[in-house]
2 protein chains.
Amino acid sequence: MEQLILAAKQARQASRKLGVLSTKVKNEIICSIADGLVEKAEEILSANAVDIKNAEEAGLKKSFIDRLRLSEARIADIAAALREVAALPDPIGEIVGGTKRPNGLVITKKRVPLGVIGIIFEARPNVTADAIGLCLKSGNAVILRGGSDAIHSNMAIEAVANEYGKKAGMPEGSVYLVKDTSRETARFLMEMTGYIDVLIPRGGKGLIDNVVRNAKVPTIQTGAGNCHVYIDASADIDMAVDIIRNAKMSRPSVCNAAETLLVHKDIAAAFLPKAIEALRGVELRGCEACRAFGIDIPATEEDYFEEYNDLILAVKIVENTEEAIEHINKYGTMHSEAIVTKDYASAQLFKDLVDAACVYVNASTRFTDGGEFGFGAEIGISSQKLHARGPMGLTEITTVKYVIDGDGQIR
Amino acid sequence: MEQLILAAKQARQASRKLGVLSTKVKNEIICSIADGLVEKAEEILSANAVDIKNAEEAGLKKSFIDRLRLSEARIADIAAALREVAALPDPIGEIVGGTKRPNGLVITKKRVPLGVIGIIFEARPNVTADAIGLCLKSGNAVILRGGSDAIHSNMAIEAVANEYGKKAGMPEGSVYLVKDTSRETARFLMEMTGYIDVLIPRGGKGLIDNVVRNAKVPTIQTGAGNCHVYIDASADIDMAVDIIRNAKMSRPSVCNAAETLLVHKDIAAAFLPKAIEALRGVELRGCEACRAFGIDIPATEEDYFEEYNDLILAVKIVENTEEAIEHINKYGTMHSEAIVTKDYASAQLFKDLVDAACVYVNASTRFTDGGEFGFGAEIGISSQKLHARGPMGLTEITTVKYVIDGDGQIR
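**Quick word on the interface of chain B and chain A**
Many descriptions give the size of an interface as the accessible area lost when the pieces come together.
Item 1. In this complex, chain B contributes 71 residues to the contact, which on the side of chain A involves 71 residues.
Item 2. Carbon and sulfur atoms make up 52% of the surface buried where chain B meets chain A, a total of about 5700 Å² over both sides.
Item 3. By the criterion of area lost to chain A, the three top residues of chain B are L386, Y402 and R411 of chain B, representing 15% of everything that side buries.
Item 4. Between the two partners, chain B and chain A, sit 12 salt bridges.
Item 5. For D352 of chain B, the salt bridge goes to K110 of chain A, with nearest N and O atoms at 3.9 Å.
Item 6. Here chain B is connected to chain A by 44 residue pairs in polar contact (both at pLDDT 80 or more).
Item 7. When residues of the side of chain B that touches chain A are assigned to their parent elements, the largest contribution, 11 residues, is made by strand β16 (residues 398–409) of chain B.

Quick look at the structure:
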C-alpha cells in the first residue's frame, strides 16, 4: 500500500505538470504511445497469450475470453483509437462561459483537468490503452487497477506507454498500473481520498456494486447495462427483427447489448415467430403469455434484473407503451433503451419518460459507445446521473474552475 | 425508516410529474411559496424563536446562533430569492448539444432533472427555502434533513411550502422534511441508493466528512471552506488591508470567509502593522516570523488545516508566490482563494496553479456565492471536482439524457 501512496503522490506531481502541458506535446505523447503499441505488438500478444492460456485453463466463460483476447488487428484498432484521441480538440483551457458582474468582477469559467483519475476495471486490455490516451489528452494522471486475468497484457501496455510516452515528454508518474491485483489494492484505492480525485470502475455489476458500496473517493459508475428493446404495436416488423437481433447477438458480452425484449400484445403474433427464428442460438426466457409462441423457459423476476452478457434473452409481452416504460424504469440500469415504432405519440412518450442515459427510437442499443457518438474513444459509459451520463469522452473527465479578476472589490 | 422509504417513493412519483411540468406552473408554485413565507412570517418567526431559545440555553456559539436566526427582513430576503429563482430561465428541456452521425442517427443531448435530491444540512433555515425553490424549478423532488437545532423553523417553512405549493399545482410528495433528526435518519438517507439520486450535504467539516465516509448514494460535497488570502510583494497595501478585513470580518461564520492570511516576506513590514490594526477584534495566530510584528500566539499545523468560522485568523509569512500556492494546495479545501498583487506573472501563476473552485485576483473570497455570481440563489458551494464546482445554481442540479432518433440503424 505504501507503493500505492507513493505512486499517487507522483501522479499528483505529474498531474500539475500535465495540466499546463501544451496540446502539441500531449498529442506527441499519445501518438508516440500509439506507435509503440504497433511496434511492440509481438510483445503485447505474447503477454496476452499468457492471459488467454490462464483463462482457458481456469475454464472461464467464452464471452469473458472474447473480451480478453487481443490480435494484431485489435492492437491496430487500439493504436488508431489513440491517434483519433490525439486528433480531437483539447478540452483543457476551454472558456466554458463567464460574465462581468455589476460590481466589475469578471468571472471566467475555465475547463481544467480533474487531476488524478483512478480506474478499476476487469479483463479488457483495450481499456488500458484507451484510458491512458484519454487521461493524458485531458491533462490527468491515471492510476490503473485491472483484473488479475489481464495482468500480463496490461503490464505490457503500461510498459509501452511509459517507454514511448517519456520519449515524447510525458512527466514521470503520469501513468501507473497497480501490479498487485489482490482485493486489498482495489479496496485501498477506493479509500484514497485526497490522493485520487475520481474513481471510475469499468466492468460488470459485481465490480460496480463493490465500488459503489465501498468507495470514499468520488466515483462514476459505468458499464452495468441491463438494456431493453421494446417493440410497439405499430413497429415495422422487419426493422424490429433486425434491431433485436443486432442488439442481442452482434456482441452479447458488452454492456449495450439487449437483455430483455418487450413486445406489445397486439404485435406479438405477427412479430414473435419471426423474431424467434432470427434469434436462433439465443436462449429465450419468456413471460406466461410467451408459451403460446413456443418460449418454454419461464422468465423469473431475477431474469428481468439480470445482465446476462451472454446469448440469453428475457421476453415479456406488455399491454402498452406505458407498461413497457414502467418495466424499464423498474428493472433497467438507466443505460440504453430502445423503442421500435411508427407511432409519433409512443415515440415521444418513450423518449420523455424512460429514465436512461440513452433512449433510442428505431435503432439498436448497440450504438451507445464513445466512438459511435463521435467522441473518438470513451473512458466508459456512465450509468449514473451525476457529472456525466452515457458515453464519456474527453470533456467528461475534466472539471471547471472559476477565475475571478477584480480591482479591489469587497462585499 | 419505513416513513422515509414511503416519502422517497412518493418523491420518485412526484419527480416524474415535476419533470414534465411546464415552466409556467413551476414558477407559479415557487412564487406561491414565496408569498406564503411572507404571509406566514409570524408563524415562522415564532417557530424560529423556539430554536433560538433552545440554542441559547444550550450555550451554543454566537456564530452558530447567527446562522440560525431569522427576522422579518431575512424572511423577506428568502422570499425575494425564491422569486428570483422563479424569474430565472428554466434549465429543463435545454438542448445542450447534438449531432447527426454519418449513419443518419440524430443524437440530441437534453437537459433533464436529476430526479430525487436529498439535502442534509445544519442550522440555517434559509437553506430549506432555497433548496425547495431550486429543486422545484429544476424539476426535482427534494428530501430535506436539517439539523435538530433548526427543526421548528424548518417544519414551519416546510408547512408553508406544502400548503402554498399545492395551491399552485405542486405534485404531492415533491417536498419532504425529515422530522426525526436522529443520526439514524441521516445515516439511512445516505444509504438510500435507488431512492435518492444525489445527496448534497451543506454544513461544516464534520457533517461533510460524515457524509463522504458513509454515503452510498452519489454525493456533492459542499461548504467546507478553508480559504486563503495571499498578499503578494507588489500588492496595493490599502487594497490588501480592505480585502483581508472583508474576507475575515464581514461574516466570519460562512464558508467563503478567509481562515489564513499569507504574506510575501518583502511586504510584511509595510503591510502587517496596518492589517493588524484593521483586524482588531480578530485573534491572530502566526508563524515564527510573525512574532516580530507582535503576533504572539503561534500557529500550529492544525491551525493551517482549521476552518475557524470565527474571528480567528492564521497568519504566515512566505518566501514567494510559489510557496503561497503550495501552502494553499496542501491545506486548503479547494473552495475560494485570493491573491492581491499588481504583478501580472504572479497573478497568472496563482490563477493557473491554485487548485480551487474559485480563484480571485484583487477581490475578496466572500464573493463565492450563487447570488453574487448571478445564479439567483444557490444550492451550495461544491468543493469537489465531480459534477459541479463552486457555487451551484439551477444547472448544477440537473443531468442530461441522450435521445437518439433513427430509422432502423443496426451496428
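Back to the text.
**Re the packing of aromatic side chains**
Item 1. Within the structure shown, the criterion is met by 10 aromatic pairs over all chains.
Item 2. For the ring pair Y304 of chain B and Y331 of chain B, a centre distance of 5.5 Å and an interplane angle of 55 degrees mean the geometry is tilted. With Y304 of chain B in helix α12 (residues 301–305) and Y331 of chain B in helix α13 (residues 321–331), the pair connects residues that are 27 residues apart, well separated along the chain.
Item 3. Each member of the aromatic cluster is reached from another via a ring pair, and the members are Y304, F305 and Y331 of chain A.
Item 4. The ring of Y176 of chain A has K179 of chain A lying over it, and the distance from NZ or CZ to the ring centre is 4.7 Å.

**Side note on the nonpolar core**
Item 1. Core analysis: the biggest nonpolar cluster contains 69 residues, and L37, I119, L136, I143, L144, I200 and I379 of chain A have the highest contact counts within it.
Item 2. Ranked by the residues each element gives to this core, the list is headed by helix α6 (residues 125–137) of chain A, at 7 residues.
Item 3. Contacts of I379 of chain A, omitting those with residues within four sequence positions, involve I119, A131, L134, C135, I200, R202, M392 and I397 of chain A.
Item 4. In this structure, A41, V85, C135 and A388 of chain B belong to the second largest nonpolar core, which totals 67 residues.

**Digging into the pairing of strand β11 (residues 312–318) of chain B**
All names here are of chain B.
Item 1. With 7 of 7 residues buried, β11 is to be regarded as a mostly interior element.
Item 2. Where strand β8 (residues 258–264) meets β11, 5 bridges bridge the pair, whose relative direction is parallel. Residue pairing for β11: T260 is matched across the bridge by A314.
Item 3. Alignment of strand β9 (residues 283–286) against β11, held across 4 bridges, turns out to be parallel. Within the sheet, the bridge partner assigned to G286 lies in β11 and is V315.

What counts as what
Residues numbered from 1 in each chain as written. Chains lettered and ligands numbered in written order. Predicted model: local features only at pLDDT ≥ 70, side-chain atom pairs only at ≥ 80, totals over all residues. Heavy atoms only, no water. Contact = heavy atoms within 4.5 Å. Buried area = accessible area lost by both parts, 1.4 Å probe. Salt bridge = Lys/Arg side-chain N within 4 Å of Asp/Glu carboxyl O. Polar contact = N/O pair within 3.5 Å; in protein donor to acceptor, adjacent residues only side chain to side chain. Helix = DSSP H or I, 4+ residues; strand = E, 2+ residues; numbered from the N terminus. Phe/Tyr/Trp six-rings, centres within 6.5 Å; stacked < 30°, edge-to-face > 60°. Lys NZ or Arg CZ within 6 Å of the ring centre and 35° of its normal. Core = buried A, V, L, I, M, F, W, Y, C linked by side-chain atoms within 4.5 Å. Buried < 20%, exposed > 50% of the residue type's maximum accessible area, 1.4 Å probe, protein only. Pairing = 2+ DSSP bridges.

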